[in-house]
Amino acid sequence: MPCGQPDSGAGAGAAAAPARYVLGVDVGSTIVKCHVYDRAAAVRGSSCRKVESLYPHPGWVELDPEVLWSQFVGVIKEAVQTAGLHMGQIAGLGISTQRGTFITWHKRTGKPFHNFISWQDLRSAELVGSWNKSLLLKVIHVIFTVLHFLTGNDRYLAPSFLTFSTQQTSMKLSWVFKNIPEAEEAAKKNNCCFGTIDTWLLYRLTKGSVYATDYSNASSTGIFEPFTKCWSPTLCNLLSLPLSIYPPVKDTSFNFGSADSEIFGVPIPIMALVADQQAAMFGECCFQPGDVKLTMGTGGFWNVNTGEHLFASRRSLYPLIGWKIGKEVVYLTEGNISDIGTAIKWAQDIDLFTHVDETAKMAWSIADSQGVCFIPGLQVSVDGTYLCASFMGLKPSTTRNHLVRAILESVAFRNKLLYDTIVKKVHIPLQTIRADGGVSNNSFVMQMTSDLINRKIEKPANADMSSLGAAFLAGLASGFWTDKEQLKKLRRIEAVFEPQKDSEEYRPAMDTWLQAMKHSLHW
C-alpha cells in the first residue's frame, strides 16, 4: 500500500524528464518500506507493507522468505509508480535491513533449509544459558584476560567478557546445525549458504549470480571479527560452525551488480547494502567521531561514531563496523534497549489509547505517574534474562494517562541509564545527538530524555533515517551525490529539544522505577 504521496511536480511530466532518482529500501522488524529520493533528498514517492512474523512455537519468531521477497519487490514497484516515474530513471538501489535475522539455503538449488530466524527469536535460550554457565567459557575468559593484561591489545578484551545472548546470530545458527539435518549435511559437502536478509535479497535480485554481504551487516552478526575484519575462526570452532558457509564481505557503498531485468523490467544497479542502525547513522550524517545517533523504533539503539578507533566490548556496549567505503572504515560503539515501540504498540493493542499521537498529550496532561512504574520485559534481555514485564504501584486512582506516562517514562529512564554508560566507558567527547525512529515523534519522550541527560537532541524532518542512509550510500556509489559534504547540506532539522528541567527533579521517580526493576528480576 502507498504510505506517502509524491511531491508536486512528480507526475507524468517528471517521468519524461531526464532527472534521475535513487531508491532507499528499509526491511525493518515491523515494516518493509521504500522511498524514492531526488537529488535534494526529498521523498518523491513511497510504499510500505507490514512484515508478517510467524510464531510456530512459543518464543520462536520467523519470517517466510517468499512472503518477504514478494513484499520487497512490491514496495519498490509501488514507490516508483507512486512517484510517477519509470524504472529506467532509477540510478541505484540501497538496501537497509534488520540485523541478525538470517537464513541458510542449498548452494546448488537455492532452496532454503528453514524460514528466516528473527533476531527476536528465543529458540536458543537453553543453549545460551548452558554456554554462559559452562566451565569452558570461564576458561576462555581467564585466558583472554591474561592475554589482554600481557599485551595491552584491545582485541583480547572482548573475548575476556564474552557472553552469549538470544539476540546473537551465532547461537541460533548453532541450533540450526544441531536440529536441521539437511543443513548440517549440506554444510559437510560445502553446499550450505548462510545469509542475513541483505545477502538473501541480493542473491534473489541477481538470480543467484551474486552472493555477498557488507561489513556493517557482517559485524552485526556477532560472528564477524571487527578487529581482523573476517569471519571469526575462533568462535566458529568453539560452536562447531563451518567457515565455508559465510558470504564474501564487500564495501557498504559498492556496486554489487544489477537486479535481473525480469524483476523490474530493467537492470536496476544495487549500490549499497547496510545494516539498519548503521544506515540510520549515515542518514543522520553522523560522520565525525563523537557524533551520536539515537534510534527509537521497535527497540532503542544508541550509536557513537568512534572514527578509526575500535572500542572493545565492555558488557553493555559492543563494537561494530559502521560502514566501509574504499579505504575508509568507520567504527561505532553501540548499546541497545529492548521493547520501546513494542511496548507502546502493546499498550495500543489493549486499548490504553487509540492513536500513537495521543500518548504525548496524555503524558503531559498529568503532573506525574502517581508512583506507577512500567517495567519492560516482553523480550529476554542480556542483562536480565528473566525480567518480568509489569506495572507496579497501581492504585484505585490510576488512570490510563498514568499507565501511558509510566510506559513513556520507562523509555526516557532507560535512555538515561545507557547514556551514562556511554559517557563513562567511551572515552571520546560526545558531539551532536540526533534522534530518529517512530518514537522520536513523541515530544514527551524526547523532552524528558533531553532533561535527564542534560543535552540538546536534534530531530530530523524525516524520521525514516535507515531508508535515507541506504539511499545516501547508494547515491555515493553511483555518483548521484558527490561526497559526504554534499549530503550534510541536504539535512533538514524539524525540531531541537533542549533541557528545560534539572535532571535532579526526576530523581525520586527514577529511584522508584529502579527499585521496581529490581523486584522484576528473575520472575
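An unreviewed UniProt entry lists the protein under the name Glycerol kinase 5, with Oxyruncus cristatus as the source organism. Its UniProt record gives the protein a comment under Sequence similarities (unreviewed entry), which states: "Belongs to the FGGY kinase family." Under the UniProt heading Subcellular location (unreviewed entry), the entry covering the protein gives this text: "Cytoplasm".

### Comments concerning helix α3 (residues 125-132)
Every α-helical turn comprises 3.6 residues, leaving residues that sit three or four positions apart pointing alike. Within the sequence span of α3, burial applies to L127, V128 and W131. In an axial view of α3, the angular spread of the buried residues amounts to 100 degrees, which keeps them on one side of the axis. On its buried face, α3 sits against α4 (135-151), α6 (169-179) and α10 (233-239).

### A look at the side chain of D251
By the secondary structure assignment, D251 is in the loop between β13 (249-250) and α11 (261-264). At 2.9 Å, the side chain of D251 forms a polar contact with the side chain of K324. In this structure D251 touches D214, Y215, F256, K324, I325 and G326, once residues within four positions along its chain are discounted.

### Brief notes about the sheet that holds strand β14 (residues 270-275)
In spatial order, the strands read β3-β2-β1-β6-β14; together these five strands make up an open sheet with mixed pairing. Only two strands of the sheet have a single partner each, and these edge strands are β3 (43-50) and β14. Geometrically, the sheet is characterised by an average inter-axis angle of 15 degrees between neighbouring strands, direction not taken into account. Bridging between strand β1 (residues 21-27) and strand β2 (residues 31-37) involves six bridges; their strand directions are antiparallel. Bridge pairing in β2 places V22 opposite Y37. Each of β1, β6 (90-97) and β14 touches helix α12 (residues 276-283); the most contacted strand, β14, lies at about 110 degrees to it.

### Structural notes on the packing of helix α2 (residues 65-82) against helix α8 (residues 197-205)
Look at α2 against α8: their axes get within 11 Å of each other, and the N-to-C directions meet at 70 degrees. By the angle between their axes, α2 is roughly perpendicular relative to α8. Taken together, the residues of α8 that come into contact with α2 (itself represented by P65, E66, L68, W69 and F72) are I197, W200, L201, R204 and L205. By residue class, the composition of the contact of α2 with α8 is eight nonpolar, no polar and two charged.

### Quick word on the environment of N191
Tracing the backbone shows N191 in the loop between α7 (181-188) and β9 (192-196). Leave out the neighbours within four places in its chain, and N191 touches W105, H106, K107, R108 and A186.

### A word on the side chain of T199
Position of T199 relative to the elements: it lies in helix α8. T199 has contacts with W105, F194, Y211, A212, T213 and P247, leaving out every residue within four places of it along the chain.

### So, the nonpolar core
Ranked by size, the top nonpolar core spans 51 residues in total, and within it M296, W302 and I422 carry the most contacts. It is helix α15 (residues 400-425) that contributes the most residues to this core, 11 residues altogether. With residues near it in sequence (within four places) discarded, M296 still touches I340, V411, N415, D436, G437, G438, V439, S440, V445 and M446. The next biggest cluster of nonpolar side chains, apart from the first, holds 42 residues, and it includes V25, V27, V36 and I103.

Cut-offs used in this document
Residues numbered from 1 in each chain as written. Predicted model: local features only at pLDDT ≥ 70, side-chain atom pairs only at ≥ 80, totals over all residues. Heavy atoms only, no water. UniProt positions renumbered as here; feature names shortened; annotations may be inferred. Buried < 20%, exposed > 50% of the residue type's maximum accessible area, 1.4 Å probe, protein only. Helix = DSSP H or I, 4+ residues; strand = E, 2+ residues; numbered from the N terminus. Arc of directions from axis to C-beta. Contact = heavy atoms within 4.5 Å. Polar contact = N/O pair within 3.5 Å; in protein donor to acceptor, adjacent residues only side chain to side chain. Pairing = 2+ DSSP bridges. Axes fitted to C-alpha atoms, helices over the stretch in contact; angles between N-to-C directions. Parallel < 35°, antiparallel > 145°, perpendicular 65-115°, else oblique. Nonpolar A, V, L, I, M, F, W, Y, C, P; charged D, E, K, R; others polar. Core = buried A, V, L, I, M, F, W, Y, C linked by side-chain atoms within 4.5 Å.

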